[in-house]
Amino acid sequence: MNIDMLVVGGYFILMILISVAFKKMASKSSSDYFRGGGRMLWWMVGATAFMTQFSAWTFTGAAGKAFTDGFAVTFVFLGNIAAYILSYWWFSHRFRQMRVDTPTEAIEQRFGKTNEQFFTWAIIPLSILSGGVWLNGLAIFVGAVFGYDMTTTIWVTGLSVLLISMLSGAWGVVASDFVQTLVVAVISVACAAVALFAVGGPDEIITKFPTDFIMGPDMNYGVLLVGSFLFFIVKQMQSINNIQDSYRFLNAKDSNNARKAALLAMGLMICGTLIWFIPPWAMAIMVPDAAAAHAELGNKASDAVYLVFAEKYMPLGTIGLLVAGLFAATMSSMDSALCRNAGIFVRSFWAPIICRNKPMSETNMLRLSQGVTLINGILVILIAQLFAQLKGLSLFDLTMRVATLLQSPMLVPLFFGMFIRRTPKWAAWGTVCFGMFVSWLVMNVFTAQWGASLFGVTLTARELSELTTTITVAAHLILTGGFFWATSLFYKEESFTAKERQRTADFFVALETPVVADDEQDEFDRLQRSKLGHITLMMGAGLMLMVLVPNPLWGRLLFAACAGAILLVGYLLKLSAGALPQAKPILKPSMASRSAS
């Protein structure tokens, strides 16, 4: 067995240890399982907020785009940075102040029960479909490049994610995201440092890039690039700051920690955007034919440029870390989705509808949540395997087309609904239906080709892609967003019962009322720091063993520096856990769930 396989194996063992370590903390109530009882520290919440915007695409598709197009690939990540700035300023703490366990409970409070059911059955199937696509994409890449069996990759990754989510719920998910952030950081910083040294510094990248570093190739109309960049910012602001994706901040122990989590996610995204793409930019100069090294990927051959860099310039064992990073990026999105789906199904469908006349105990609700997580995970694995077996990909194209039709419109009412208050009962689901029509128009009528013919110009494939992005985002911002605002013209107070009016009023009052941690929080703080400190020290010790791999001295020193940084993080976490005063024993489940609202 080679060193890379050992590294990947060690990564999966670490993920399983996390699920075991946090199992007890997720077994007291359904709130603990869905969102850690709302008791998590800002650095854990910030890490998961960062990792849910990160995927294997960053190391594959985005790296390939950086290799060919230069700086333009950063636009989507700059959009994420702007979105987290907005989140820190306005959204993150208000999401925590909704005081709910699942996003659909917030939708019910804001828009009513009909909309709660509508979004429940829109979010869950799309989430399962997306998980299958992520898992299938990972399997295709590692199967083609590393020779791993696709079916084995799908099942090993899927079952690992399932184990973390099912055993330890949100605690395991968020803890694993923190560790996965460290994995990604180690890979990114190490590769960026070596790439900068090899290419001769940042000036060399800018001046010697094969095409214009800022504009990239096949871009004759700079206004298209500017338009795409501006609308990417708008798109990411909605993608991150909407009720559906508020689950990132529902875990925070109080309003202040939610804001600090958004600030951390922003900081990580800034650092990541600056360093992730240095290796592919350098490779465009040093090895311009790098894409030919993995021709088995066909027209996606440039997606393997990170791997080619690791093969040519990094010490032995780095490829194992890179594969671990690919698994980490995929698993972080999947486990969050599984835990969220379980909460949505149990709290917004099973408990209020199936068991409306027979309230469930916390124990039964917790067991049901684990069962739903199991079913969701198996469905994701089976869908990924189905996609892997398709040859013509007609079903894949169809499902992705349906997802595109629905996903963007869903964000509009869940974003604007946070501050446009006087809307009729049908506003949210009506906006989604109208938005689906807008998506269809953009895909079939008002296409990029239509836009080019309108101005009598001929555009390159890249220019058409940028124009498609601009038209799609602009259409939903102006038309779909305008539709939601226009529904306020049809608002009639008398169409709502007194209870419904009070429910909506309470929702907006809660949004402006800070959440303050209770007296029991110190013990939860200590446990988080202690457990993750111990796991991080184990990870650092494992990485330190890589100095024994037969590499040149600089390679051994690189691994030692990476391991030392992780060991320092683990030591500081353990030190801070010991510095906290020993608190009273943690409350019993029923009391804890009430106090951690």
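Residues numbered from 1 in each chain as written. Predicted model: local features only at pLDDT ≥ 70, side-chain atom pairs only at ≥ 80, totals over all residues. Heavy atoms only, no water.

Going by what an unreviewed UniProt entry lists, the chain is known as Transporter and is assigned to Escherichia coli. According to its UniProt record, the chain has this under Catalytic activity (unreviewed entry): "L-proline(in) + Na(+)(in) = L-proline(out) + Na(+)(out)". (UniProt positions renumbered as here; feature names shortened; annotations may be inferred.)

A. Representation of the environment of Ser246 in the model. Counting through the fold element by element, Ser246 comes out in the loop between helix H10 (222-240) and helix H11 (247-250). Residue class for Ser246 comes out buried when judged on its relative accessible area of 0%. When neighbours within four sequence positions are excluded, Ser246 is seen to be in contact with Phe95, Met98 and Pro103. (Helix = DSSP H or I, 4+ residues; strand = E, 2+ residues; numbered from the N terminus. Buried < 20%, exposed > 50% of the residue type's maximum accessible area, 1.4 Å probe, protein only. Contact = heavy atoms within 4.5 Å.)

B. Up close: the confidence of the model for the chain. Scored by pLDDT, the chain comes out at a mean of 88, with 94% of its residues at no less than 70. Throughout residues 392-396 the model reports pLDDT below 50, and contacts reaching past four residues in sequence, or to other chains, amount to 6 contacts. Low confidence marks residues 583-596, where pLDDT is under 50. Its contacts with residues over four positions away, or in another chain, come to 23 contacts. (pLDDT = per-residue confidence, 0-100.)

C. Region of interest: the packing of aromatic side chains. Considering all chains together, one arrives at 38 aromatic pairs under this definition. Taken together, a centroid distance of 4.8 Å and an interplanar angle of 50 degrees make the contact between Phe75 and Phe229 tilted. Of this pair, Phe75 sits in helix H5 (residues 75-96) while Phe229 is found in helix H10, placing the two residues 154 residues apart along the sequence. A relative accessible area of 9% means that Phe75 is categorised as buried. Given the relative accessible area of 23%, Phe229 is considered partly exposed. Seen from their ring centres, Phe277 and Trp281 are 6.2 Å apart, and the 50 degrees between their planes marks the pair as tilted. By the burial criterion, Phe277 is buried, and Trp281 matches it. Ring pairs connect the aromatic residues Phe50, Phe71, Phe77, Phe209, Phe213, Trp276, Phe277 and Trp281, which therefore count as one cluster. (Phe/Tyr/Trp six-rings, centres within 6.5 Å; stacked < 30°, edge-to-face > 60°.)

D. Fine view of helix H4 (residues 61-69). Of all 9 residues making up H4, 7 are buried, and the element is well covered by its neighbours. The set of residues buried in H4 consists of Gly61, Ala62, Ala63, Gly64, Ala66, Phe67 and Asp69. Tucked into the core, H4 has its buried residues touching H5, helix H13 (278-286), helix H14 (305-313) and helix H20 (461-487). Directly after H4, the chain includes Gly70, whose backbone phi takes a positive value near 80 degrees.

E. Examining the packing of helix H1 (residues 3-21) against helix H22 (residues 521-544) more closely. Packing of H1 against H22 brings their axes to within 11 Å, and their N-to-C directions diverge by 165 degrees. The pairing of H1 with H22 is recorded here as roughly antiparallel in orientation. In this structure, the crossing between H1 and H22 has a hand that is right-handed. The residues of H22 that touch H1, namely those facing Leu14, Leu17, Ile18 and Ala21, are Lys531, Ile535, Met538 and Met539. Looking at the contact of H1 with H22 residue by residue, the class counts come to 7 nonpolar, no polar and 1 charged. (Axes fitted to C-alpha atoms, helices over the stretch in contact; angles between N-to-C directions. Parallel < 35°, antiparallel > 145°, perpendicular 65-115°, else oblique. Left-handed = near helix turned anticlockwise from the far one by under 90°. Nonpolar A, V, L, I, M, F, W, Y, C, P; charged D, E, K, R; others polar.)

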